[in-house]
Amino acid sequence: MKVPFYGHVRQYNSIKSEIDANIKTVIESGEYVMGPMLKKFEAEFAKFSKTQYAIGVANGTDAIWLSLLALGVGPGDEVITHTNTFFATAEAIWFTGATAVFVDCDPLTKCLDPKKIKAAITPKTKAIIPVHLYGQCADMPAIRKIADKHKLFVIEDNAQAIDAAGPDFRIGELSDAVATSFIIQKNLGCFGDGGMVITNNPEIDRLVRKMRNHGSDKRSQHSFGFNSRLDDIHAGILSAKLKHIHANNDLRRKLAKRYTKGLKKAKSFTLPYVVPGARHVFHLYVVETVDPAKRDSLLKFLADSGIDAKSHYPIAIHQQTGYPWDKQARIVGKMTNAERNAASCVSLPMFPELTEDEVDYTVQKCMEWDKANA
Ligand SMILES: *Cc1c(COP(=O)(O)O)cnc(C)c1O
């Protein structure tokens, strides 16, 4: 059996007529940039998120970057985040000219550890960016409390957790802005790149809306801005898919349960931790080998069995060598948990259209490997 990592075409085929109809509407309208379909999708997404404003942008990285700029973050400022995440979280900070200050992640959730934040705060600290990693929310109440005490902004990097929720909080409820990504492999994906900023702050809405369109909110009048718009064709695809996001995430959760049931006796790797009462939307189902030195052997065994597993992310941001570290980054404390996560993580196939047979086959192969390696 061959088990793919992504199901992009399976998803398209399952709602082909709805997606095709919206694409046709956009093409026939002749309005492809900042047109009515974008407006419609922004209104739908704001309603879905239960926030006042939603601003479509070109990608998730821009969504973080423009949120930081709207909050006035720039050179000389510091922004706290963690390093076992996609590189873009830090890139967005660097692109404002600010310094990224890295602390370790929580050993269970792998999200930003609130207990590590205090030691990283200086008079230059302006904001904190928790990442809702793998589809599960960071501990927002604890992070908000620290932010309030030190008068810091909070931007949620929600590229991986659309439709997730904490045990007693919503995404967008405890932050200044939320940045999300619609690149195809995310839980809500268009056929290319896309992103969104959501917020309840009218000033952030005004500034991001202006900056994404060459600093212009009146024809021919410009101030500080860029070109970072969400195309109407992508808005149409996303509008069709948004109707199914909750059901699709429920399917991911069901498949995750099936993985967990089948793998719970494994001794050589650990399973994803779910915060009690939280809605984890399993953007990724990540196991970790107890012995990090054996991670590549598990990946190879699965690949040889026809299963496309991957690693998210095998090199933590502070371990990357392609950036001038002396200029715009600072590490506070030991990065034990992030480094362990990077060395031992294996993402098993996970998407709503994955079949139960494919999950069962993957479970069977993982347990075969476990038996030989426990
Ligand atoms: C995908 C992702 C991003 C960046 O999104 P793009 O749309 O690719 O720019 C940022 N942060 C995290 C955690 C991501 O997974």
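All figures in this text were calculated on a predicted structure; none of them were measured in a lab. (Residues numbered from 1 in each chain as written. Predicted model: local features only at pLDDT ≥ 70, side-chain atom pairs only at ≥ 80, totals over all residues. Heavy atoms only, no water.)

**Comments concerning the nonpolar core**
Then comes step 1: Ranked by size, the top nonpolar core spans 49 residues in total, and within it F41, F45, I117, F182 and L188 carry the most contacts.
Then comes step 2: Going through the elements one at a time, α3 (36–49), β3 (99–103), α6 (140–150), β7 (195–199) and α8 (232–242) are the ones with two or more residues in this core.
Then comes step 3: Considering every element that reaches this core, the biggest residue donor is α3, with 5 residues.
Then comes step 4: Two domains each put at least three residues into this core: domain 1 (8–242) and domain 2 (245–373).
Then comes step 5: Not counting the four nearest positions on each side in its chain, F41 is found in contact with F182, L188, M196, L230, A235, L238, S239 and L242.
Then comes step 6: Residues I55, A92, I155 and V208 belong to the second largest nonpolar core, which totals 32 residues. (Core = buried A, V, L, I, M, F, W, Y, C linked by side-chain atoms within 4.5 Å. Buried < 20%, exposed > 50% of the residue type's maximum accessible area, 1.4 Å probe, protein only. Helix = DSSP H or I, 4+ residues; strand = E, 2+ residues; numbered from the N terminus. Domains from an automatic or database assignment. Contact = heavy atoms within 4.5 Å.)

**Thoughts on the pattern of salt bridges**
Then comes step 1: A complete count under the given rule lists 24 salt bridges for this structure.
Then comes step 2: The salt bridge partner of K110 is E288, with a shortest N-O separation of 3.0 Å. In this pair, K110 is assigned in the loop between β3 and β4 (125–128) and E288 in strand β9 (residues 285–289), connecting sequence segments 178 residues apart. Residue K110 shares its accessibility class with E288, and that shared class is buried.
Then comes step 3: It is possible to trace a salt-bridge network through shared partners that takes in E42, D205, R209 and R212. (Salt bridge = Lys/Arg side-chain N within 4 Å of Asp/Glu carboxyl O.)

**Some remarks on the layout of surface pockets**
Where empty space is left can be seen by rolling a probe of water-molecule size over the atoms.
Then comes step 1: By volume, the largest pocket amounts to about 540 Å³.
Then comes step 2: Lining the largest pocket we find 37 residues, and of these S181, I183, Q185, K186 and H283 sit closest to its centre.
Then comes step 3: In terms of residue class, the lining of the largest pocket is built from 15 nonpolar, 16 polar and 6 charged.
Then comes step 4: Counting only domains with at least three residues in the lining of the largest pocket, you end up with domain 1 (8–242) and domain 2 (245–373).
Then comes step 5: What lines the second largest pocket is a set of 23 residues, and nearest its centre among them are D106, T109, P114, A138 and D139.
Then comes step 6: Residue classes in the lining of the second largest pocket are distributed as 15 nonpolar, 3 polar and 5 charged. (1 Å grid on protein atoms, 1.4 Å probe; cavity = no way out; pocket = protein on both sides within 12 Å on 5 of 7 lines; lining within 4 Å. Points joined across faces, edges and corners; volume = space filled by probe spheres on them. Nonpolar A, V, L, I, M, F, W, Y, C, P; charged D, E, K, R; others polar.)

**Side note on the site of the ligand**
Then comes step 1: G60, T61, D157, S181 and K186 are the nearest of the 15 residues found near the ligand.
Then comes step 2: Between the ligand and the protein, one listed contact pairs an oxygen atom with a backbone N or O atom of G60 at 2.7 Å.
Then comes step 3: Side-chain polar atom of S181 to an oxygen atom of the ligand: 2.7 Å apart, as the coordinates give it.
Then comes step 4: In isolation the ligand offers 380 Å² of accessible surface; the protein chains occlude 93% of this area.
Then comes step 5: A majority-of-atoms criterion places the ligand in the largest pocket.
Then comes step 6: Looking at the shell around the ligand residue by residue, the classes come out as 5 nonpolar, 8 polar and 2 charged. (Near = heavy atom within 4 Å. Polar contact = N/O pair within 3.5 Å; in protein donor to acceptor, adjacent residues only side chain to side chain. Areas by Shrake-Rupley, 256 points an atom, 1.4 Å probe, with all protein chains shown as cover. Sits in = over half its atoms within 2 Å of the grid points.)

**Looking at the domain arrangement of the protein chain**
Then comes step 1: Each assigned domain of the protein chain is listed here: domain 1 (8–242) and domain 2 (245–373).
Then comes step 2: Using only C-alpha atoms to locate each centre, domain 1 and domain 2 end up separated by 24 Å.
Then comes step 3: On the side of domain 2, 46 residues touch domain 1, which itself brings 48 residues to the contact.
Then comes step 4: Here domain 1 packs against domain 2, burying approximately 3,800 Å² in sum over the two surfaces, 55% of which is carbon and sulfur.
Then comes step 5: Contact with domain 2 buries area across many residues of domain 1, yet R10, Y134 and N187 alone supply 19% of it, more than any other trio.
Then comes step 6: The interface formed by domain 1 and domain 2 includes 4 salt bridges. (Buried area = accessible area lost by both parts, 1.4 Å probe.)

**Topic: the packing of aromatic side chains**
Then comes step 1: In the structure shown here, the tally under the stated rule is 14 aromatic pairs.
Then comes step 2: Note on F41 and F45: the rings are 5.8 Å apart at their centroids and 50 degrees apart in plane angle, and the pair reads as tilted. Of the two residues, F41 and F45 both sit in helix α3, 4 residues apart, roughly one turn of that helix. Accessibility assignment for this pair places F41 and F45 in one class, buried.
Then comes step 3: One aromatic cluster in this structure is built from F41, F45, F48 and F182. (Phe/Tyr/Trp six-rings, centres within 6.5 Å; stacked < 30°, edge-to-face > 60°.)

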